[in-house]
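Here's the letter readout for the chains.
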Amino acid sequence: MSTALQGKNILLGITGGIASYKSAILARRLIDAGADVRVVMTQGAQAFITPLTFQALTGNPVHTDLLDPAAEAAMGHIELARWADYVLIAPATANVMARLANGLADDLLTTCCLATDAPLAIAPAMNRLMWSNAATQANLATLEARGTTIIGPGAGEQACGEVGAGRMSEPETIRDALAAAIASTANTSAPNHNSSKELQGKSFVITAGPTEEAIDPVRFISNRSSGKMGFALAAAAQQMGADVTLIAGPVALDTPAHVKRIDVKTADEMLENALKAVNNTDVFIAVAAVADYKVAKFSREKIKKTDDELTLELVRNPDILKTVAALEHRPFCVGFAAETENLEKNAQSKLKKKKLDMIAANQVGQQNNPVFGSDTNSLSVYWGNNKHQIAPAAKFDVAQQLLKLIANQITLNK
Ligand code: C5P
């Protein structure tokens, strides 16, 4: 679990969107990460979910009214605004974005936002046309220019039945983005203030997730990779100042802010896109769990079941990392090795065989360390004759530590 939220006072603003049902889980995730959460709900939000839900989850009274003398006597809007270390609005409707952009203070939430010097993060959620509307985009630009952290929105199927951008990010994504924003604020105010931007000017290409190798129109070969580690690396590298291209297999994850994402299915497509993307790139990190085999012959028709056994002929997929590492002008190449046994020996042998600059290995398949799909990870990192252990932590924190090792090496190798 990230430590950035530990002991932090988070004022969680909830506005009137259907995505507010996810805010209950978000409140829980923030509390699990050690934050003290107080909730402010707009009138609209209360049409979707009740204050009682959040009172029960946070153990704190929920604030709804600006002009209620009893509520003001208990903890008034100025006290709430002072109490907050960070204000997070999730979901943030188009309406609240417009009110914030224009400095309105016509309810408790917007008044708190004006009355606080705490940083603000918003997770927008709305219909795709409302999101792409020029007015919303102008309000977004205003808020961004003022330093508001914008989390999402994701794209996909919406509650209104349409498909497009405007879906609120998942609670875990919002929690991690908030933790990252808090961590980078802490880094910026620390004396060594460049530490959070140590990848400024560097370009990264990262592969993530599984690949999917079709057998016939309805079946495929794939694996359990969730893509979370690769996405965490992409988000962390971008926050450390890098220009990031993320080549993702089929995963259900939001694109990290300001990251260029290329979606692929097969290993061949991943290779093709990686080779295009790595030209003039500083670092290539292969986190994808590429299927080692694909079927020799894709069947255009669904394969019929019979009483006999079925034998599929499989052929090797290209090794994307090895191919990139063999390029004449290759980037700094980092591999991942998921091992069930002999972690160090197998990782070292891959480091040499694939001619890598660094390899990050993790033990998989153990009951107490499933890794796949998990939000945490730990790594043993090897390069040259060196090794470094990254202790179990949230994948985002692990990503930051690995990127610091990479940053040191690319600076030394210059
Ligand atoms: O050989 P193995 O699959 O264990 O190597 C793992 C590393 O190689 C990972 O970094 C993975 O992303 C990369 N890899 C690849 N293309 C493959 C197989 C693995 O890029 N076909």
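Remember, predicted model here, so these are calculated numbers, not experimental data. (Residues numbered from 1 in each chain as written. Predicted model: local features only at pLDDT ≥ 70, side-chain atom pairs only at ≥ 80, totals over all residues. Heavy atoms only, no water.)

### A short note on the overall build of the protein chain
Thought 1: Secondary structure summary: the protein chain contains 15 helices and 19 strands in total.
Thought 2: Taken along its principal axes, the extent of the C-alpha atoms in the protein chain is 75 × 60 × 45 Å.
Thought 3: Of the contacts made within the protein chain by residues no fewer than 6 positions apart, 67% connect residues no fewer than 24 positions apart.
Thought 4: Roughly 19,900 Å² of accessible area belongs to the protein chain as shown, and the carbon and sulfur atoms make up 50% of that amount.
Thought 5: Between the centroid of the 39 positive side chains of the protein chain and the centroid of its 41 negative side chains there is a distance of 6 Å. (Helix = DSSP H or I, 4+ residues; strand = E, 2+ residues; numbered from the N terminus. Contact = heavy atoms within 4.5 Å. Areas by Shrake-Rupley, 256 points an atom, 1.4 Å probe, with all protein chains shown as cover. Lys, Arg positive; Asp, Glu negative; His and termini not counted. Charge placed at Lys NZ, Arg CZ, Asp CG, Glu CD.)

### Topic: helix α7 (residues 108-115)
Thought 1: In terms of burial, α7 is largely enclosed, as six of its eight residues are buried.
Thought 2: Every buried residue of α7 is listed here: Leu108, Leu109, Thr110, Thr111, Cys112 and Cys113.
Thought 3: For α7, the elements touching its buried residues are β1 (9-14), β2 (36-41), α5 (77-83), β3 (86-92), α6 (94-101) and β4 (120-124). (Buried < 20%, exposed > 50% of the residue type's maximum accessible area, 1.4 Å probe, protein only.)

### What to know about the domain arrangement of the protein chain
Thought 1: Parsing the protein chain into structural domains produces domain 1 (3-189) and domain 2 (203-412).
Thought 2: Taken over C-alpha atoms, the centre of domain 1 sits 34 Å from the centre of domain 2.
Thought 3: Where domain 1 meets domain 2, there are zero salt bridges.
Thought 4: Counting every contact that joins domain 1 to domain 2 gives two residue pairs in polar contact (both at pLDDT 80 or more).
Thought 5: A total of five residues in the side of domain 1 that touches domain 2 trace back to one element, the largest contributor, which is helix α10 (residues 171-189). (Domains from an automatic or database assignment. Salt bridge = Lys/Arg side-chain N within 4 Å of Asp/Glu carboxyl O. Polar contact = N/O pair within 3.5 Å; in protein donor to acceptor, adjacent residues only side chain to side chain.)

### Here's the deal with the layout of surface pockets
Thought 1: Taken as a whole, the second largest pocket spans an internal volume of roughly 830 Å³.
Thought 2: Taken together, 40 residues form the lining of the second largest pocket, with Val287, Ala288, Ala289, Val290 and Phe336 sitting closest to its centre.
Thought 3: Where the lining of the second largest pocket is concerned, the elements lending two or more residues are β8 (203-208), α11 (228-239), β13 (283-286), α13 (320-325), β16 (332-339) and β17 (358-363).
Thought 4: When the residues that make up the lining of the second largest pocket are grouped by side-chain class, the tally is 21 nonpolar, 11 polar and eight charged. (1 Å grid on protein atoms, 1.4 Å probe; cavity = no way out; pocket = protein on both sides within 12 Å on 5 of 7 lines; lining within 4 Å. Points joined across faces, edges and corners; volume = space filled by probe spheres on them. Nonpolar A, V, L, I, M, F, W, Y, C, P; charged D, E, K, R; others polar.)

### Focus on empty space enclosed by the protein
Thought 1: Per the counting criterion, the structure on display carries one cavity of 30 Å³ or more.
Thought 2: Taken together, His63, Asp65, Ala71, Glu72, Met75, Gly76, His77, Leu80 and Leu108 form the lining of the largest cavity.
Thought 3: Going through the elements one at a time, α4 (69-75) and α5 are the ones with two or more residues in the lining of the largest cavity.
Thought 4: The greatest single-element share of the lining of the largest cavity, amounting to three residues, is contributed by α4.
Thought 5: Each residue belonging to the lining of the largest cavity can be placed in one class, and the counts come to four nonpolar, three polar and two charged.

### Topic: the packing of helix α1 (residues 20-32) against helix α3 (residues 51-58)
Thought 1: One can describe the packing of α1 onto α3 by two numbers: an axis separation of 10 Å at closest approach and a directional angle of 15 degrees. For the element pair α1 / α3, the angle class is roughly parallel. Helix-helix and strand crossings are classified by hand; for α1 and α3 the assignment is right-handed. Packed against α1, whose contacting residues are Ser20, Ser23, Ala24, Ala27, Arg28 and Ile31, the element α3 presents Thr53, Phe54, Leu57 and Thr58 at the interface.
Thought 2: Here the contact of α1 with α3 is built from residues that sort into five nonpolar, four polar and one charged. (Axes fitted to C-alpha atoms, helices over the stretch in contact; angles between N-to-C directions. Parallel < 35°, antiparallel > 145°, perpendicular 65-115°, else oblique. Left-handed = near helix turned anticlockwise from the far one by under 90°.)

### With respect to the site of the ligand
Thought 1: All residues in the neighbourhood of the ligand are listed as Ala286, Val287, Ala288, Val290, Pro318, Asp319, Ile320, Leu321, Gly335, Phe336, Lys350 and Lys354.
Thought 2: Here Ile320 contributes a backbone N or O atom positioned 3.0 Å from a nitrogen atom of the ligand.
Thought 3: The backbone of Leu321 places a nitrogen or oxygen atom 2.8 Å from an oxygen atom of the ligand.
Thought 4: Spatially, the ligand is embedded in the second largest pocket.
Thought 5: Within the shell around the ligand, the residues separate by chemical class into eight nonpolar, one polar and three charged. (Near = heavy atom within 4 Å. Sits in = over half its atoms within 2 Å of the grid points.)

### Focus: the packing of α6 against α7
Thought 1: Where α6 contacts α7, the two axes come as close as 10 Å, and the packing angle between them is 35 degrees. Crossing of α6 against α7: the hand is right-handed. Contacts between α6 and α7 involve Val96, Arg99 and Leu100 from the first element and Leu109, Thr110 and Cys113 from the second.
Thought 2: Residue composition of the contact of α6 with α7, by class: four nonpolar, one polar and one charged.

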